[in-house]
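Notes for the structure review
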Amino acid sequence: MSDPKGPVYEGNIEEFVVTEGGYTYRIMYLPDKNNSEMQREGKSPYYYWMPKDVRIARNASTGDYKFYLLHFVGVQSEGTHVGVEGTREVAGGVLSLTTTAEPPGGVLEKSHEQLRQKFRGSDNRYWGWRSPAAPKFGVMPVADSRMSISNLSPMSDGTVPMPDTTASSSTATTGPGTTTPAITGGASAPGTSAPGGAVPKSRGVLDPRMMDMPRTVNERDMDRDASSLDAWYVKMEGQGPGSIDPAGDHAFTALMGSYPTAILWQGFRGAYSPVSVTQSLKLKVWSESIHLKIRGNWDRVFQHFSANASGRYWWFSADIKAEFNKLVINGGITVDLTIDGTTPNADEMREKINKRIDMIFKKFTEEAEKRIFEPAPPEVEPAKASTGGWLSGLFGGGGGVALKYRRDETHLNLKYDETVNERFILNHTISSTLEGFYNELKGDPQSEQKYFTTLYLDDWDRKVSRIIKPVVNWPDLAKQWVGEPVAFLSCQIGYPNANGQLQWAGQVFQANEEQTWRPGIAMKAFSDVVNPPAGWEPAKTFVKRKVHFLEPPGESDNPYMRVFVEKDEVELDPGEYGTLTDNITLEIRADSVGKLEVGPIITNVELENSKQFIEVSFRALGKTHDGQDRNPTRFTFSYEDQNTPRYWEIFTGQPDFRTQYQYQVRVVVKGSIFTKGMEWTGPWVDVNGNGPIMVSVPTPDEAVSTRSLTAREITSIEPPAAGTTPPAA
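Within every chain, residues take consecutive numbers counted from 1 along the sequence as written. For this predicted model, a pLDDT threshold of at least 70 governs which residues receive local features, and a threshold of 80 or more governs which side-chain atom pairs are given and counted, while totals over whole chains, interfaces and linings are taken from all residues. Side-chain numbers here rest on the full set of heavy atoms in the structure, without hydrogens or water.

Moving on, we come to the side chain of Q612. Numbered from the N terminus, helices here are DSSP runs of H or I no shorter than four residues, and strands are runs of E no shorter than two. With respect to the helices and strands, Q612 occurs in strand β35 (residues 612-620). Should any heavy atoms of two residues lie within 4.5 Å, those residues are considered in contact. Those residues in contact with Q612 that lie beyond four places of it in its chain are E606, L607, F637, S638, Y639, V668 and V669.

Here it is in structure tokens:
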């Protein structure tokens, strides 16, 4: 009983072409070794198919191609992104595609039908279909498969090729008897060797840093910043061993620099891409049967040895073999060896068969012992016998042999038949340029998003950053309260966690310390936060700023400056959560607390002598934060210090405070022992806004009230104490 044995390669592979859906598919076949034997027994012939083209695979459920090209580009900085120091730029792409050689089911059946039609009734030993039973089909058996994809990196000056450590088995063939490197570019996956043959020893020892590099890496860039890719960088994963099913799928993934990404982005939009895939296979096939026949007639053999005795009596091993070869040449012994020289490994097969012929000669000699030779007589001297031939001792002694004289036993034929079936590995390569998506995109422009996408890394790993800067004229107590009476400033930044609860971070600012705070928080998507605070958005933070004041100086501490603090701590962002903002730069200004700042204050008159004084009263309008009226503040100008400016400041703690105030002037002229002095008071004058002011001193006829002064009343107006220093302007 005969069964399918496996494909036989007799120098021919049949190919059939099927066009389906605008695409062309090519299928190759080999017949089974036992097709003739099986059909003689009424069984079906058997054929083995194998695809000839490689293409991009499709998803079985959706019909979409298993292809995706992601282009990424971005500029990131430590102020805008998490985990970045300084600034980094990167551009490149990630290619993911799956290839297959399996034809669609309908295509395969049409190809089978073409084979049936071609070989129906054919008498070809292997290919012919002569049995009533329908042919059966199976996939080609594969011993090894190697996958490679073309590389887009150039081999220019200054580049270092990827070292190659692959065994000799990792070669692909372009035809019987010729080999080429299986992989032309790209680094192998971690832990595997890069295909293509071993590196010549003449190259010497390579830098260990090169072992995991892509195929072309610029030597001068080996120590460059890893945050960016070289423009021609290509690292391909998936090259090397593949499925032993020639119709199986195989996935490739590549990380690329900007140039290969741009080439593939444009190329795959066309009808054909710039990428080719090669599948190098080792097929397990049988050779045609090798037949060895040896024929010899003992009468002719005996006659040949008799005719060539030349008077000799003894025959030794070398003599017998020489005469045997002559018999082969003259036709006394016929050797018929049938072997196809075009079959791969034919030379090796021929060498094996020749060794078999040598074995057959040994058997012939053993038969000759029984048929046409007899042992030498025992009295033959050992010196005359052969001592080096393999017949030494063949007949129990050390001598030669002699021809028999009885011929009644020699009337028979020498016959030897042997059939050799050899199985060998047939190297075979299928390769194709991958088709592009021109027709796909033309028919459905929206499908572009399925295969081509740009990722802007600027949008990833973002952080919400703030720059908090205090703006305050820190006081110098040594200069009599020049500056703002601020003890310190504080700021809190709030951002919700995944549960919507605000998480706060704070900073305090004091004089003579670092005056800038740069908090950063990883930005969350709105959907990542459960129950977020009202109005919150991913780019917004809550801020609570506060000004903490010193205790102000007393009114008598400095006659030229009056400073009042109505509230020790002032919140610039009132409320439980403060202010919700997306501003990056935030200031903490001490004058944002509702500050009234009047000065320098000077008068519009010149005092003529030490008897003349001017008293100016200032009154801020509105109520304090606790609803109280504000008390007036008075400054006195004398003859000696009339040109020294005065300053008046109130820190109300009311961000909505309106800088409106009034002033009133009182003029005093001292009298003498014998004369009365006098005074008059002008009306209240309304003023709006901060800044310098020149006080208008009324004349007596402009006064709202006038009266004479007694000596006792005049003594109440005294100039500043001696040695008092006016504030710096």
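By convention, a stacked pair of Phe, Tyr or Trp rings (six-membered ring in the case of Trp) has centres within 6.5 Å and planes under 30 degrees apart, an edge-to-face pair has planes over 60 apart, and any other such pair is tilted. Enumeration over the complete set of coordinates arrives at 26 aromatic pairs. Between F67 and F268, the aromatic rings sit 4.6 Å apart at their centres with planes inclined by 50 degrees, giving tilted as the arrangement. Here the residue F67 occupies a position in strand β5 (residues 67-77), and F268 occupies one in the loop between α3 (258-267) and β16 (272-286), the gap between them amounting to 201 residues. When the centroid spacing of 6.0 Å and the interplanar angle of 90 degrees are considered together, the rings of F437 and F452 count as edge-to-face. Taken together, the positions of F437 in the loop between β22 (423-435) and α7 (438-443) and F452 in strand β23 (residues 452-456) put the pair 15 residues apart, joining distant regions of the chain. A single burial state applies to F437 and to F452, both of which are buried. Through pairs of rings, three or more aromatic residues link up here, namely Y65, F67, W265, F268, F437, Y451 and F452. Burial classes: relative accessible area under 20% of the type maximum marks a residue as buried, over 50% as exposed, and values in between as partly exposed (1.4 Å probe, protein chains only).

Here we come to the sheet that holds strand β7 (residues 136-139). DSSP bridges decide pairing: two strands pair if at least two such bridges lie between them. Read across the open sheet, the 4 strands follow the order β1-β2-β3-β7; overall the sheet is mixed. Since the sheet does not close on itself, it has two edges, and those belong to β1 (14-20) and β7, each with one partner. Each neighbouring strand pair of the sheet contributes to a mean axis angle of 35 degrees, computed without reference to strand direction. Structural elements are reduced to axes, namely lines fitted to C-alpha atoms, with helices fitted over the stretch in contact, and the angle between N-to-C directions of any two is expressed from 0 to 180 degrees.

Once that is clear, we can look at the pattern of salt bridges. Side chains bearing opposite charge may pair, as long as their charged atoms lie close to each other. Every case where a carboxyl oxygen of Asp or Glu lies within 4 Å of a side-chain nitrogen of Lys or Arg is listed as a salt bridge. The full count for this structure, using the stated rule, is 24 salt bridges. Residue E20 is joined to K110 by a salt bridge in which the shortest nitrogen-to-oxygen separation is 2.7 Å. With a gap of 90 residues between them, E20 in strand β1 and K110 in helix α2 (residues 105-119) connect regions that are remote in the sequence. We classify E20 as partly exposed; its relative accessible area is 32%. Between D641 and R646 there is a salt bridge; the shortest N-O distance is 3.0 Å. Judged by its relative accessible area of 0%, R646 is buried. Salt bridges sharing partners connect three or more residues here, namely D3, E41 and K43.

This part covers unusual backbone geometry. A cis amide bond links G599 to the next residue, P600, at an omega of -5 degrees. Here P600 lies in strand β34 (residues 595-603). Positive phi, close to 55 degrees, is recorded for D461, a residue that is not glycine. On the secondary structure map, D461 appears in the loop between β23 and β24 (463-465).

Time to look at α3. The α-helix winds at 3.6 residues per turn, so residues separated by three or four positions along the chain end up facing the same way. Every buried residue of α3 is listed here: P260, T261, L264 and G267. Seen from one end, α3 has its buried residues packed into an arc of 140 degrees, which puts them on one side. On its buried face, α3 is in contact with β5, β6 (87-100), β13 (234-237), β15 (249-256) and β16. Throughout, the arc means the angular range of directions from the helix axis out to the C-beta atoms.

Whether parallel or antiparallel, the strands of a sheet pair through hydrogen bonds between backbone atoms. Taken together, 4 strands build an open sheet; the order of strands is β14-β8-β16-β22 and the sheet is antiparallel. Whereas interior strands pair on both sides, the edge strands pair on one side only; in this sheet they are β14 (240-241) and β22. Pairing between strand β8 (residues 142-149) and β16: 7 bridges, direction antiparallel. By the bridge assignment, R146 is partnered in β16 with S280.

Quick look at the layout of surface pockets now. Empty space within the largest pocket amounts to approximately 700 Å³. Taken together, 32 residues form the lining of the largest pocket, with Y23, Y25, R55, I56 and E435 sitting closest to its centre. At the level of secondary structure, the elements contributing two or more residues to the lining of the largest pocket comprise β2 (23-31), β4 (55-56), β22 and α7. Broken down by class, the residue content of the lining of the largest pocket amounts to 16 nonpolar, 7 polar and 9 charged. Here the term cavity refers to a set of points on a 1 Å grid, laid over the protein atoms alone, in which a 1.4 Å probe fits but cannot get out; the term pocket refers to an open set having protein on both sides within 12 Å along at least five of seven lines, with lining residues being those that place an atom within 4 Å of a point. Grid points are joined across faces, edges and corners, and a volume is the space filled by probe spheres set on the points. Each residue gets one label: Ala, Val, Leu, Ile, Met, Phe, Trp, Tyr, Cys and Pro are nonpolar, Asp, Glu, Lys and Arg are charged, and the others, such as Gly, are polar.

Okay, α2 next. To estimate the expected span of a helix, count its residues, drop one, and scale the result by 1.5 Å. With 15 residues, α2 ought to run about 21 Å at 1.5 Å a step, and its terminal C-alpha atoms sit 22 Å apart, in line with that. Of the surrounding elements, those touching the buried residues of α2 are β1, β2, β3 (46-51) and β7. Positive phi appears at G121, one or two residues downstream of α2, with a value of about 75 degrees.

Alternating positions in β15 separate cleanly, H250, F252, A254 and M256 being buried on one face and D249, A251, T253 and L255 remaining unburied on the opposite face. Of the strand pairs in this sheet, β6 and β15 are connected by 8 bridges, and their pairing is antiparallel. By the bridge assignment, L95 is partnered in β15 with A254. Relative to β15, β13 runs antiparallel, the two being bridged by 4 bridges. Paired with V234 across the two strands is M256, which belongs to β15.

Further remarks concern a nonpolar patch on the surface. Nonpolar side chains (Val, Leu, Ile, Met, Phe, Trp, Tyr) within 5 Å and like charges within 9 Å form the patches, drawn only from residues with over 30% relative accessible area and no salt bridge. The accessible surface values rely on the Shrake-Rupley method and a 1.4 Å probe; as for residues, cover is taken only from the protein chains in view. On the surface, W232, Y259 and I263 cluster together to form a nonpolar patch covering roughly 270 Å² of accessible area. Considering the arrangement of structural elements, one finds I263 in helix α3.

Judged by nonpolar contacts, the single largest core of 40 residues is most densely connected at F67, F268 and F437. In terms of residue count, β16 provides more of this core than any other element does, 5 residues in total. Excluding anything up to four places from it in sequence, F67 contacts I56, L95, S96, L97, F268, F437, K450, Y451 and F452. One finds I468, F509, M561 and L586 within the second-largest nonpolar core, a separate group that totals 23 residues. Definition used in this section: a nonpolar core is a set of buried Ala, Val, Leu, Ile, Met, Phe, Trp, Tyr and Cys residues joined via side-chain atoms within 4.5 Å.

pLDDT is defined as a per-residue confidence score from the predictor, taking values between 0 and 100. When pLDDT is averaged along the chain, the result is 77, and 71% of the positions lie at 70 or above. Contacts of residues 156-226 to residues separated by more than four positions or lying in other chains number 119 contacts, the stretch itself having pLDDT below 50. Within the model, the stretch residues 376-399 combines pLDDT values under 50 with 32 contacts to residues more than four positions away or in other chains.

With that settled, consider the environment of G682. For G682, the location among the structural elements is in the loop between β39 (677-681) and β40 (685-688). Sequence separation between G682 and Q664 is 18 residues; the distance between their C-alpha atoms is 6.1 Å. Sequence-distant contacts of G682, that is, excluding residues within four places in its chain, are made with Q664, V665, P698, A703 and V704.

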